[in-house]
Amino acid sequence: MSAEWSWERAREALPVLWDGFQITLLATVLGFALAAALGLVIAIIRRTMPRPIAAPVHAVSEFVRLTPLVVQLLFAYTLFTQFSALQIGIVVPGIHYSSYLAEVYRAGIEAVPAGQWEAARALSLPPTRTWGAVVLPQAIRASLPALGTNAVSMFKDTPFLFAISVVELVTAAQQFGARNFAYLESITMAGVFFLVASYPTSVLIRRLEKRLAYY
């Protein structure tokens, strides 16, 4: 492995890293969509369902949240052999992060002023209308900055997919470095890919958080 930077090797690495980045992006987008939907369901169940239903859901969510993601990936990869590694690499992080997003949504729901709930009851709105038209729009709006932060965290956790042989960005960089003795170029550029994708998102989240603070 050379300790000197080579722009030629860096250019050669670009197509390989781009392929890995697309896998990373796909796993993040689909995994976060699953996490966002499932986390909302968990939060609503915990808020509305009787304790015999809500308590087990909460217990499972806590177990998932407190168990390392890489262990969950390896367990699912070993157990569910009928699914591809990429499918597992999308679903397992989605379920894992849903436990975090459930807490985000819960905080957003609890932030809805009591007067809004009372107004909905005074108008005799059915529960579905209360949640759909009154509670969730306000709760999700309040949760947006934290949702964005978790999306960035999921994006940065995609290198864990190496454990189940998914060739995401970092794994692609490692493989290129091993084949071409160019770890310096490939790993550095993988870091640049992460920075270029994460930094604008982080800036947008900060601006959104400041904007929402005024309302």
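Residues numbered from 1 in each chain as written. Predicted model: local features only at pLDDT ≥ 70, side-chain atom pairs only at ≥ 80, totals over all residues. Heavy atoms only, no water.

Under an unreviewed UniProt entry, the name given to the protein is Amino acid ABC transporter membrane protein 2 (PAAT family), and the organism recorded is Nocardia fluminea. Of the comments in the UniProt record for the protein, the one headed Sequence similarities (unreviewed entry) reads "Belongs to the binding-protein-dependent transport system permease family." Turning to the protein, the UniProt record has this under Subcellular location (unreviewed entry): "Cell membrane". (UniProt positions renumbered as here; feature names shortened; annotations may be inferred.)

Within the protein, the regular secondary structure consists of eight helices and zero strands. In sequence order, the secondary structure elements of the protein are arranged as α-α-α-α-α-α-α-α. A principal-axis box enclosing the C-alpha atoms of the protein has dimensions of 70 × 45 × 20 Å. Across the 215 residues in the protein, those meeting the buried criterion constitute 39%. In the protein, the share of contacts with a sequence separation of at least 24, taken over all contacts with a separation of at least 6, comes to 78%. Entry remark: accessible area of the protein is about 12300 Å², with carbon and sulfur atoms responsible for 67%. Measuring between centres, the 16 positive side-chain charges of the protein sit 13 Å from its 12 negative side-chain charges. (Helix = DSSP H or I, 4+ residues; strand = E, 2+ residues; numbered from the N terminus. Buried < 20%, exposed > 50% of the residue type's maximum accessible area, 1.4 Å probe, protein only. Contact = heavy atoms within 4.5 Å. Areas by Shrake-Rupley, 256 points an atom, 1.4 Å probe, with all protein chains shown as cover. Lys, Arg positive; Asp, Glu negative; His and termini not counted. Charge placed at Lys NZ, Arg CZ, Asp CG, Glu CD.)

Below, the discussion takes up the layout of surface pockets. Here the largest pocket is characterised by a volume of approximately 240 Å³. Every residue lining the largest pocket is listed: Gln-72, Phe-75, Ala-76, Phe-80, Phe-83, Gln-87, Ile-88, Val-91, Val-92 and Ile-95. Contributing elements (two or more residues each) for the lining of the largest pocket: α3 (69–79) and α4 (85–110). Looking at the lining of the largest pocket, the element that brings in the most residues is α4, giving five residues. (1 Å grid on protein atoms, 1.4 Å probe; cavity = no way out; pocket = protein on both sides within 12 Å on 5 of 7 lines; lining within 4 Å. Points joined across faces, edges and corners; volume = space filled by probe spheres on them.)

This next bit is on the side chain of Ser-61. Looking at the element boundaries, Ser-61 is found in helix α2 (residues 51–66). By relative accessible area, which is 4% here, Ser-61 ends up buried. Setting aside residues no more than four positions away along its own chain, Ser-61 makes contact with Ile-42 and Ser-99.

In this numbering, the UniProt entry assigns the feature "domain: ABC transmembrane type-1" (unreviewed entry) to residues 21–205. For residues 21–205, helix accounts for 84% and strand for 0%, while the C-alpha atoms at its two ends are 22 Å apart.

Between helix α1 (residues 7–48) and helix α6 (residues 127–157), the least distance of the axes is 11 Å, while the angle of their chain directions is 140°. Considering their axes alone, α1 and α6 lie oblique with respect to each other. In the crossing of α1 with α6, the sense of the turn from one axis to the other is right-handed. Residues Phe-21, Thr-24, Thr-28, Gly-31, Phe-32, Ala-35, Leu-40, Ile-44, Arg-47 and Thr-48 of α1 form the contact with α6, whose participating residues are Trp-131, Leu-136, Leu-147, Asn-150, Ala-151, Met-154 and Phe-155. Taken together, the residues that form the contact of α1 with α6 break down as 11 nonpolar, five polar and one charged. (Axes fitted to C-alpha atoms, helices over the stretch in contact; angles between N-to-C directions. Parallel < 35°, antiparallel > 145°, perpendicular 65-115°, else oblique. Left-handed = near helix turned anticlockwise from the far one by under 90°. Nonpolar A, V, L, I, M, F, W, Y, C, P; charged D, E, K, R; others polar.)

So, on to the packing of α1 against α2. Running from N to C, α1 and α2 cross one another at 140°; their axes reach a closest spacing of 8 Å. Accordingly, the angle class assigned to the pair α1 and α2 is oblique. For the crossing formed where α1 meets α2, the hand is left-handed. Residues Ile-42, Ile-45 and Arg-46 of α1 form the contact with α2, whose participating residues are Ile-53, Ala-54, Val-57, His-58 and Ser-61.

It is worth spelling out empty space enclosed by the protein at this point. To find the voids left in a structure, one rolls a probe of water-molecule size over its atoms. Enumeration according to the criterion identifies one cavity of 30 Å³ or more in this entry. By volume, the largest cavity amounts to about 70 Å³. Put simply, the parts of the chain that give the lining of the largest cavity at least two residues each are α1, α3, α4 and α6. Among the residues making up the lining of the largest cavity, the classes are represented as eight nonpolar, three polar and one charged.

What follows deals with the nonpolar core. Nonpolar side chains in soluble globular proteins generally cluster together in the buried interior. Counting residues in each nonpolar core, the largest one holds 18 residues, and the members touching the most others are Leu-101, Tyr-105 and Ile-109. Looking at this core, the elements that each hand over two or more residues are α1, α4 and α6. Among the elements that make up this core, the one with the highest residue count is α6 (six residues). Leaving out residues up to four positions away in the same chain, Ile-109 has contacts with Ala-43, Arg-47, Trp-117, Trp-131, Val-135 and Ala-139. (Core = buried A, V, L, I, M, F, W, Y, C linked by side-chain atoms within 4.5 Å.)

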